[in-house]
Amino acid sequence: MGLPQDQLGAGEHVELEMHEHWKHLLGAILICLAALAGLVVVLLISPTTGFLAWLDTIGWVAFAGVVLIFGVWPALEWWNRTYTLTNRRLATRRGIVRRSGRDIPLERINDVAFDQGLLDRMVGAGTLRVSAASEEGTVVLRDIPHIHQVSLRMNELVRETGAH
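For clarity, every value in this text was computed on a predicted model and none was experimentally measured.

About the criteria used
Residues numbered from 1 in each chain as written. Predicted model: local features only at pLDDT ≥ 70, side-chain atom pairs only at ≥ 80, totals over all residues. Heavy atoms only, no water. Helix = DSSP H or I, 4+ residues; strand = E, 2+ residues; numbered from the N terminus. Rg over C-alpha atoms; globule rule 2.2 N^0.38 Å. Buried < 20%, exposed > 50% of the residue type's maximum accessible area, 1.4 Å probe, protein only. Contact = heavy atoms within 4.5 Å. Areas by Shrake-Rupley, 256 points an atom, 1.4 Å probe, with all protein chains shown as cover. Lys, Arg positive; Asp, Glu negative; His and termini not counted. Charge placed at Lys NZ, Arg CZ, Asp CG, Glu CD. 1 Å grid on protein atoms, 1.4 Å probe; cavity = no way out; pocket = protein on both sides within 12 Å on 5 of 7 lines; lining within 4 Å. Points joined across faces, edges and corners; volume = space filled by probe spheres on them. Nonpolar A, V, L, I, M, F, W, Y, C, P; charged D, E, K, R; others polar.

Please set out the overall build of the chain residue by residue, giving values where relevant.
A count of helices and strands for the chain gives four helices and seven strands. Listed by position from the N terminus, the elements making up the chain come as β-α-α-β-β-β-β-α-β-β-α. Computed over its C-alpha atoms, the radius of gyration of the chain comes to 22 Å, more than 25% above the 15 Å expected for a compact globule of 164 residues. Each principal axis of the C-alpha atoms in the chain carries an extent, and together these give about 80 × 35 × 25 Å. The proportion of buried residues among the 164 residues of the chain is 33%. For the chain, long-range pairs separated by at least 24 residues make up 50% of all intrachain contacts whose partners lie at least 6 apart in sequence. Counting every atom, the chain has about 9,900 Å² of accessible surface; 63% of that belongs to carbon and sulfur. Of the side chains in the chain, 15 bear a positive and 17 a negative charge, and the two mean positions are spaced by 2 Å.

See below:
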């Protein structure tokens, strides 16, 4: 998860490593549960003999397809989307087949803010907005768990970096 040791600079250490909150996968979980319910219905109503006996096979194939596309793929994307806060930078990494990332040095961060909706407040997650002095501007990190602690720690590190 996050940054491997060989991607850290001399004297750099990891402060926080994060994935998005598991609530980010709720839609995928609900779709997979609906597909399971659909499979059960198909298995219950499909005849075991005759012209329509192949319906159960189609049900299994459709179920497997839905789970792979709407369950496994989003879970792999979620797992491979990481946010790492070190004592020197905020590093974002994403992608399964093609990886991409962005590093923002802490001394370039101007502001750290968060937003929380009702569901976010219930699970302790939120959206973190990191404003940096760069052409890309604000980085938005959605569904960050323990948003208050992450925001506080990032602000502390930015302040410490600016003091040196």
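Next, the rest of the story.
Hey, could you go over the layout of surface pockets for me, with residue numbers and the actual values?
Its boundaries defined by the atoms lining it, the largest pocket holds a volume of some 200 Å³. Only strand E2 (82–86), strand E3 (89–94), strand E4 (100–105) and strand E7 (138–145) provide two or more residues apiece to the lining of the largest pocket. Among the residues forming the lining of the largest pocket, the class breakdown is four nonpolar, four polar and four charged.

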